[in-house]
Structure formats: C-alpha cells, structure tokens
Amino acid sequence: MSLKNELLERLLSAEGYINGEQLVAELGKSRAAVWKAVKELKKEGWDIIAVRNRGYRLSEENDLLSAARIKSNMKRDIEVLYYPVTDSTNTQAKRLLAESEARAPILIAANEQSAGRGRQGKSFYSPADTGVYFSLAVQPNISLQNAVFATTAAAVAVCRAIERLTDAKPEIKWVNDVYIGNSKICGILTEAISDFETGGVSAVIIGIGINISTQHFPDGIPNAGSLGKRVCRAELVGEIADELLEIAFADCADYIDYYRSHSMLLGKKISFIENGRVTAATAISIDEQGGLTVETENGETKTLRSGEISIRF
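Fair warning: this is a prediction, and the values are worked out from it, not measured in the lab. (Residues numbered from 1 in each chain as written. Predicted model: local features only at pLDDT ≥ 70, side-chain atom pairs only at ≥ 80, totals over all residues. Heavy atoms only, no water.)

**Some words on the overall build of the protein chain**
Across its full length, the protein chain carries eight helices and 14 strands. Against the 2.2 N^0.38 benchmark of 20 Å for 313 residues, the protein chain shows a C-alpha radius of gyration of 22 Å, consistent with a compact globule. Along the first, second and third principal axes, the C-alpha atoms of the protein chain reach 75 × 45 × 35 Å. Looking at the protein chain residue by residue over its 313 residues, the buried ones come to 48%. In the protein chain, the share of contacts with a sequence separation of at least 24, taken over all contacts with a separation of at least 6, comes to 61%. Carbon and sulfur atoms make up 46% of the accessible area of the protein chain, which amounts to about 15400 Å² in all. Each charge sign in the protein chain was given a centre, from 36 positive and 41 negative side chains, and these centres are 4 Å apart. (Helix = DSSP H or I, 4+ residues; strand = E, 2+ residues; numbered from the N terminus. Rg over C-alpha atoms; globule rule 2.2 N^0.38 Å. Buried < 20%, exposed > 50% of the residue type's maximum accessible area, 1.4 Å probe, protein only. Contact = heavy atoms within 4.5 Å. Areas by Shrake-Rupley, 256 points an atom, 1.4 Å probe, with all protein chains shown as cover. Lys, Arg positive; Asp, Glu negative; His and termini not counted. Charge placed at Lys NZ, Arg CZ, Asp CG, Glu CD.)

Structure below.
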C-alpha cells in the first residue's frame, strides 16, 4: 500500500487529530514524506486540517469516495475497489471476474459512470459527485440465482440503510426501484455470471445506483429524483453493502415482511407489460418469493416474477 493510501486509512479511522511525530514513527517515513503524502491527498480533494502541535485530521465536510473510506464504514472485511470514473460498475465487475483478477465477494464503486446500465437495456444517469454507484459481486446460493430474490434483498438493504442514516421514508416500487414520495431515487440491476463448465451460476452481481443530490436529469427519464438528505456517501455504500451481505444468503422469509411494508404498489391500480401487451390490474400482495400478485380487470389473479410495472393515476 502506498504511503498516501496508508495515511488516508489512518486519518479515516482517527477520532480526532493524529500527532505528526506519531505518524512519522508509525509509518516509518520522514516528516517530508508524510507532508508530501498530505499534499497529494489535498490535491485529490481531501480537506485535511493541519494544526501545529496537534497534527492532522480530516475535515467533517469531506464527502469524497475511496476504497479506504468505504472499507472504514463496513463491518465485513471484503475487497473494495474504487474508480473515479468507469463505464459501469456491473460491467467492470464482470471484467474483473472474467479475467480472474478478483473473486467474489467484492465491491466495486465509482464516483461517476459513463455508461451506467439499468434493466431491459435502459441507461442509468450517473454524474460525478452527486450519487453513489456500486456493484456487489457475491458467490451464489440457490435463492440468489433467482433475480427477484436478489433484487428484493437489495431493495431491502437500500431502504434499511437510508432509514438508519436519514429521516427519509423510502418505498419500493416492485421489482427494482426505490422511491421517495413520487420520485425514483434508486435503481437496481442484478446479473448472473454463468459457469459454462458446470452449467450453473458462478457469481451474482448486484448493481445499485442512488441519486443523492442530483438535480438536473436528461429528458426522457420519468419520475427521476434524489434522496435530498445530507449523508456521507461512503457510509451509505458501506451500510448497504453490510446489510446486503447479511441478508443475501438468508431466507427470503426473514425480510419479506419488511419489503411488503415498504411497497408503494399494494392496493394500487397498475399496468404491466407481458408478451408485449399492456394489461391493467390491481396489485394485491407480494408472495413469499417476492412475486407480485395482481388481479386483472377481467378478474384473473396471477403472480408476476418479472416485468415492468406502472402505477395508473
């Protein structure tokens, strides 16, 4: 690990000032080398306060992302990779796993995505500094190979983390969106990597994008909005990742009641697309596997396992 990154880890874990002489002794470097590392971090945007006879500390105003900062906010010890810009964290996770440069579980985060992806080939707007965009790749179990299970778990993890860190009241729009009020603030994209030798799934990648303070969205993105709450982005990523790692391998029954209680669809008139046809219905319930049970206008009851849902106003 470079001196710069080692210094950043010390500053992130410190509760106050770290004495300069103590840093020199612990890092085994000269004062000049430590000061050079401080200047490099400042150049990257880290607001570091230096006070004579007290040492160094990070300003509370810092909201930069880094692998070290995300890890410092996690209880689970997994590999974390951070990119200032990448095309898509899901795509990057696929590349790393395919090239055997990484093994699940691994977390890939970015400050900006140039080609963020959503479900059904849609794009996910991912500007710098105003959101969090990350993918968690995990070893699959039987339930995680079901896209609805994995997406349900991710939606629960996002909502629980938001509720712990803010006073916001998130709701879930089946199957993969999180809303605040009438605005979509989060999208989830779950993808599986196939093992051609065994015919099974070698890894499941759960991609999550959350708009924190994004204000201006491109035309053609309906209901887009932002969390609009002051929150440390690295803490939010760490909290969601920990929660998801906790429940991803649990029985769906352990969190399905929470998912139901945060559904924004139940009792609402909706429309869904099936086989290219739009069908009007009413959302009735969510079953034990995360499927959405609906009643169509002709009285037919069916359970949806995938698809696009719209609320009819």
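Having put the structure on the table, let's press on.
**Thoughts on helix H3 (residues 31–43)**
In this model, H3 (13 residues) spans 18 Å end to end at C-alpha, consistent with the 18 Å of a helix rising 1.5 Å per residue. Its buried side turned inward, H3 meets helix H1 (3–13), helix H2 (20–27), strand S1 (48–51) and strand S2 (55–58). Directly beyond the C-terminal end of H3, a positive phi value near 115° is found at glycine 45. (Expected span 1.5 Å × (residues − 1).)

**Some points on the pattern of salt bridges**
A full pass over the atoms with the stated rule returns 19 salt bridges. A salt bridge links glutamate 26 to arginine 10; its shortest N-O distance comes to 2.6 Å. Within this pair, whereas glutamate 26 is found in helix H2, its partner arginine 10 is found in helix H1, the two being separated by 16 residues in sequence. Residues joined by salt bridges that share partners form a network here, namely Arg160, Arg164, Glu239 and Glu243. (Salt bridge = Lys/Arg side-chain N within 4 Å of Asp/Glu carboxyl O.)

**With respect to the nonpolar core**
Counting residues in hydrophobic clusters, the biggest one holds 66 residues, and the most contacted among them are Leu107, Ile208, Ile210 and Leu292. When residues in this core are grouped by element, the largest group, 12 residues, is from helix H6 (residues 147–165). By size, the runner-up hydrophobic cluster in this structure holds 17 residues, among which are Ile18, Leu41, Ile48 and Tyr56. (Core = buried A, V, L, I, M, F, W, Y, C linked by side-chain atoms within 4.5 Å.)

**Observations regarding the side chain of threonine 214**
One can find threonine 214 in the loop between strand S9 (200–211) and helix H7 (233–247). With a relative accessible area of 6%, threonine 214 lands in the buried category. Among the polar contacts made by the side chain of threonine 214, one reaches the side chain of threonine 130 at a distance of 2.8 Å. Look past the residues within four positions of threonine 214 in its chain and what remains in contact with it is Tyr125, Pro127, Thr130 and Ser226. (Polar contact = N/O pair within 3.5 Å; in protein donor to acceptor, adjacent residues only side chain to side chain.)

**Examining the pairing of strand S12 (residues 292–296)**
Across the five residues of S12, four count as buried, placing the element largely inside the fold. Here five bridges tie strand S11 (residues 277–286) to S12, and the two strands are oriented antiparallel to one another. The residue bridging alanine 283 from the neighbouring strand is valine 294, located in S12. In sequence, S11 turns back onto S12 through a hairpin of five residues, with glycine 290 there showing a positive phi of about 85°. (Pairing = 2+ DSSP bridges.)

**A closer look at the packing of H1 against H3**
Axes are the key here: two packed helices are described by the angle between their axes and the distance separating the axes. Put simply, H1 and H3 touch, their axes get as near as 9 Å, and they point 80° apart. By the angle between their directions, the pair H1 and H3 is classed as roughly perpendicular. Note on element contacts: H3 touches H1 through Ala33, Val34, Ala37, Val38, Glu40 and Leu41, opposite Leu3, Lys4, Leu7, Leu8 and Leu11. Of the residues contributing to the contact of H1 with H3, the split by class is nine nonpolar, no polar and two charged. (Axes fitted to C-alpha atoms, helices over the stretch in contact; angles between N-to-C directions. Parallel < 35°, antiparallel > 145°, perpendicular 65-115°, else oblique. Nonpolar A, V, L, I, M, F, W, Y, C, P; charged D, E, K, R; others polar.)

**Examining the environment of arginine 312**
Along the chain, arginine 312 falls in the segment after strand S14 (309–311). Classification of arginine 312 as partly exposed rests on a relative accessible area of 30%. Residues arginine 312 and alanine 280, spaced 32 residues apart in sequence, show a C-alpha to C-alpha distance of 8.5 Å.

**Here we look at H1**
Within H1, the full set of buried residues consists of Leu3, Leu7, Leu8, Leu11 and Leu12. Take H1 and look down its axis: the buried residues cluster within an arc of 170°, on one side only. Those residues of H1 that are buried are in contact with H2, H3, S1, S2 and helix H4 (67–72). (Arc of directions from axis to C-beta.)

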